[in-house]
Amino acid sequence: MDELEQLRADYDILKRKLEEQEIVNDKLLRRTMKTRVGSLRKLNIFEYVCTILVIAVSPWAFHYNPAINASWWFIGATDVMMVFCLVMTIRYNRKVASTNAMDVNLREFCANLKELREKWINWLRIVIPMILFWVSWLVTETWLHAENHRIALSAISAMLIGGTIGGIIGNNQRRRIIRYCDEIIDQIDN
């Protein structure tokens, strides 16, 4: 009988240690998730600020700038495009951004992250045609309204270089979001 009681006592001790270990692992996982979700939120704030700056600066940069002198139609289309991008970014990220990583069901959170990841992967299918149309329109407006084509060519070159740099930064942001999602999903699944 003593051996049976000893085995039960040992079993209870092991069971308590295992439960404590699971709690510690769960807390560690949730802290890591919270950190990564915080990083995602910071990236989103950066995108929101950049979008609002473009909307605010576009009349001066494209219409009042004598080298470009774009039409108000172009300015309006630029602002609509930026508002569309802002709304889509907010819409894509709202499920994950509004989640408290310490209180959420991990399966549901993982499903939301996978959905967010897929949306960001597919985002290029929306953005690339939109950007190509916008750049074509910008180059046409700049060239047609130019009094001096040399200045127009310089302005177009500068805009293409700036746009390329902006595209690289934006794509790096998108890839970073996808990487953060992958890291969180891997931690949850493992």
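(A) Spotlight on the packing of aromatic side chains. A complete count under the given rule lists ten aromatic pairs for this structure. Relative to W134, the ring of F62 lies with its centre 5.7 Å away and its plane at 75°, an arrangement referred to as edge-to-face. Here F62 is found in helix α1 (residues 2-63), whereas its partner W134 is found in helix α3 (residues 106-144), with 72 residues between them in sequence. The same class applies to F62 and to W134, which are both buried. For the ring pair F84 and W123, a centre distance of 6.4 Å and an interplane angle of 20° mean the geometry is stacked. Pair noted here: F84 is in helix α2 (residues 72-97) and W123 is in helix α3, with a separation of 39 residues, a long-range link. Note on W123: relative accessible area 9%, which makes it buried.

(B) How the structure looks around empty space enclosed by the protein. Taken as a whole, this structure holds one cavity of 30 Å³ or more when the rule is applied. Looking at the largest cavity, the residues that line it are L40, R41, N44, N93, V96, A97 and L116. Contributing elements (two or more residues each) for the lining of the largest cavity: α1 and α2. A breakdown of the residues in the lining of the largest cavity according to their chemical character gives four nonpolar, two polar and one charged.

Scoring rules and cut-offs
Residues numbered from 1 in each chain as written. Predicted model: local features only at pLDDT ≥ 70, side-chain atom pairs only at ≥ 80, totals over all residues. Heavy atoms only, no water. Phe/Tyr/Trp six-rings, centres within 6.5 Å; stacked < 30°, edge-to-face > 60°. Helix = DSSP H or I, 4+ residues; strand = E, 2+ residues; numbered from the N terminus. Buried < 20%, exposed > 50% of the residue type's maximum accessible area, 1.4 Å probe, protein only. 1 Å grid on protein atoms, 1.4 Å probe; cavity = no way out; pocket = protein on both sides within 12 Å on 5 of 7 lines; lining within 4 Å. Points joined across faces, edges and corners; volume = space filled by probe spheres on them. Nonpolar A, V, L, I, M, F, W, Y, C, P; charged D, E, K, R; others polar.

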